[in-house]
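Residue-level listing of the chains:
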Amino acid sequence: MADLPALERTVMRALLLFRLDLSGASPLEGSIHPVDPREPIIRATDLGVNRGDGVFETAVVRGGRPQALEAHLTRFERSAALMELPAPRRELWRTAVLRAAAAASTPGLLEEGEIASIKFVMTRGDEYDAAGPTGWVLGFAGSDPSAVRMSGIRVVVLDRGYRHDVMQTSPWLLQGAKSLAYAVNQAALREAARRGADDVVFVTGDGFVLEGPRSTLIARIGGELVTPPAELGVLPGTTQADAFAGITDVPTRIGVLLRDDLERADALWLCSSTRGAVPVRQLDGAERLIDHALTARMNAVLDARED
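Now for a quick tour of the structure. (Residues numbered from 1 in each chain as written. Predicted model: local features only at pLDDT ≥ 70, side-chain atom pairs only at ≥ 80, totals over all residues. Heavy atoms only, no water.)

### Points about the packing of aromatic side chains
Scanning all chains against the criterion turns up four aromatic pairs. On the basis of an interplanar angle of 70° and a centroid distance of 4.9 Å, the ring pair of Phe76 and Trp93 is categorised as edge-to-face. Here Phe76 is found in helix 2 (residues 69–82), whereas its partner Trp93 is found in helix 3 (residues 90–104), with 17 residues between them in sequence. Using a relative accessible area of 1% as the deciding quantity, one classes Phe76 as buried. Between the aromatic rings of Trp93 and Phe120, the centroid separation amounts to 6.1 Å while the plane-to-plane angle is 40°, which identifies the pairing as tilted. Placement of Trp93 in helix 3 and of Phe120 in strand 5 (residues 114–123) is noted, with a sequence separation of 27 residues between them. Of the two residues examined, Trp93 and Phe120, each falls in the buried class. Put simply, the rings of Phe76, Trp93 and Phe120 touch in pairs and so form one group of aromatic residues. (Phe/Tyr/Trp six-rings, centres within 6.5 Å; stacked < 30°, edge-to-face > 60°. Helix = DSSP H or I, 4+ residues; strand = E, 2+ residues; numbered from the N terminus. Buried < 20%, exposed > 50% of the residue type's maximum accessible area, 1.4 Å probe, protein only.)

### Considerations on the sheet that holds strand 5
Backbone-to-backbone hydrogen bonds pair the strands of a sheet. The strands run either parallel or antiparallel. Strand order in the open sheet formed by six strands is 2-1-6-5-3-4, with antiparallel pairing between adjacent strands. A single partner strand is all that each edge strand has here, and the edge strands are strand 2 (32–35) and strand 4 (65–66). One ladder, built from seven bridges, connects strand 3 (residues 54–62) with strand 5; its direction is antiparallel. Note on strand 5: the bridge partner recorded for Thr58 is Lys119. Against the sheet, helix 2 engages strand 3, strand 4 and strand 5, with an angle of about 175° to strand 3. Across the face of the sheet, helix 3 comes into contact with strand 1 (13–20), strand 2, strand 3, strand 4, strand 5 and strand 6 (134–143) while running at roughly 150° to strand 1. (Pairing = 2+ DSSP bridges. Contact = heavy atoms within 4.5 Å. Axes fitted to C-alpha atoms, helices over the stretch in contact; angles between N-to-C directions.)

### Remarks on the side chain of Glu57
Examined against the element boundaries, Glu57 turns out to sit in strand 3. Residue Glu57 is classed as buried on the basis of its relative accessible area, which comes to 0%. Of note is the side chain of Glu57, whose polar atom sits 2.7 Å from the side chain of His72. Side-chain polar atoms of Glu57 contact the side chain of Arg75, separated by 2.8 Å. When near neighbours in sequence (up to four residues on either side) are disregarded, Glu57 contacts His72, Arg75, Phe76, Ile118, Lys119, Phe120 and Lys178. (Polar contact = N/O pair within 3.5 Å; in protein donor to acceptor, adjacent residues only side chain to side chain.)

### Comments concerning the pattern of salt bridges
The full count for this structure, using the stated rule, is 29 salt bridges. The network of salt bridges with common partners includes Glu70, Glu77, Arg90, Glu91 and Arg94. (Salt bridge = Lys/Arg side-chain N within 4 Å of Asp/Glu carboxyl O.)

### Description of the environment of Leu302
You can see Leu302 is positioned in helix 9 (residues 292–303). A relative accessible area of 1% means that Leu302 is categorised as buried. Between the alpha carbons of Leu302 and Phe244 there is a distance of 10.0 Å; along the sequence they are 58 residues apart. Beyond its immediate chain neighbours, meaning those up to four positions away, Leu302 contacts Gln67, Thr239, Asp242, Ala243, Gly276 and Ala277.

### Some thoughts on the packing of helix 7 (residues 238–246) against helix 9
At their nearest, the axes of helix 7 and helix 9 sit 9 Å apart, and the two run at 110° to each other. Taken together, the axes of helix 7 and helix 9 lie roughly perpendicular to each other. Side by side, helix 7 and helix 9 meet where Thr239, Asp242, Ala243 and Gly246 of the first sit next to Met298, Val301 and Leu302 of the second. Here the contact of helix 7 with helix 9 is composed, by residue class, of four nonpolar, two polar and one charged. (Parallel < 35°, antiparallel > 145°, perpendicular 65-115°, else oblique. Nonpolar A, V, L, I, M, F, W, Y, C, P; charged D, E, K, R; others polar.)

### A few points about the packing of helix 2 against helix 3
The N-to-C vectors of helix 2 and helix 3 enclose an angle of 135°; their axes lie 11 Å apart at closest approach. Classed by the angle they form, the pair helix 2 and helix 3 counts as oblique. The element helix 2 and its partner helix 3 pack so that their crossing is right-handed. Every residue of helix 3 that contacts helix 2 at Leu69, Glu70, Leu73, Thr74, Phe76 and Glu77 is listed here: Arg90, Trp93, Arg94, Val97 and Leu98. A class-by-class count of the residues in the contact of helix 2 with helix 3 yields six nonpolar, one polar and four charged. (Left-handed = near helix turned anticlockwise from the far one by under 90°.)

### Brief notes about the environment of Val203
Tracing the chain through its elements places Val203 in strand 8 (residues 199–203). When its relative accessible area of 8% is taken as the criterion, Val203 is described as buried. Considered as a pair, Val203 and Tyr162 are 41 residues apart in the sequence and their alpha carbons are 8.5 Å apart. In this structure Val203 touches Val157, Leu158, Asp159, Arg160, Gly161, Phe208, Val209, Leu210 and Arg259, once residues within four positions along its chain are discounted.

### Regarding the pairing of strand 13 (residues 276–283)
Looking down a regular strand, the side chains alternate between one sheet face and the other. Burial of strand 13 is extensive: seven of the eight residues sit out of reach of the surface. Sheet topology places strand 7 (residues 153–159) next to strand 13; three bridges connect them, and they run parallel. Bridging from a neighbouring strand, Arg154 pairs with Gln282 of strand 13. Where strand 12 (residues 267–272) meets strand 13, four bridges bridge the pair, whose relative direction is antiparallel. Each bridged residue has a counterpart across the sheet, and for Ser272 the counterpart in strand 13 is Gly276. Where strand 12 folds back on strand 13, the antiparallel hairpin that results is connected by three residues. As paired strands, strand 13 and strand 14 (residues 286–287) are joined by two bridges and run antiparallel to one another. Bridged to Gln282 within strand 14 is Glu287. Linking strand 13 to strand 14, which pair antiparallel, is a turn of two residues; within it Asp284 sits at a positive phi near 50°.

Function-wise, these values are silent; they only describe arrangement.
This is the structure in structure tokens:
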């Protein structure tokens, strides 16, 4: 079996865990329950475990607060709606994530070279006990992305196997939802490793550029920063959106990119909540230019976010 990509081998360390009561029967304060992150909180019959039937978001923590929290909550709600899950109780999730971020920022909790993130998850619930959805909030420590932002990553282009209009023709495929069903994304990352790369950019079967398994693509073409539209079945990028909003002197656009546009682009980035904007230094084995100055500017904007 091929080694996992370097970015996937990053060691994550659980810091804290909250189990949420999503029944609505308890007041907000009584619905957030701290538990030992080493203890199980999910039944073996939970649909999130057995079917990948659930949604999640991950927000990085800076200065004791989760970045872009409102945008993550909005996308969480969008994913739940696409999957016909109960609407998340926004104030409960906001409170739990804020509390987790503050706890994860306790002095001395993080080790050298670590940065905290908060992952929040809602599943459809137990397969055999229709008591309602299951929810939890996990605070974890991961590697600081500073090094990979400088060095860049090696990327391969892979066919996702769908047409560009899959959201319109086949909405049951749930493209554009941030679901727990990540087996295909993990398989794509293993394929990247077999090809000597770190990450992936997906394209449709008819040649439209999409996204990475866990990131949003930005391409610079003719001096303009472009990212694919959500209508193609990609996840709306919270990090990409904040980068575009913060780099006001560079033209930006949400628009269609074709496979050949990846070759025409003079710079490429993959953006995610935990890593920020990471430049692509190699595409399908061909070396690519890294614009270190613009990368640094984008990440300065992202790291300074308050929400």
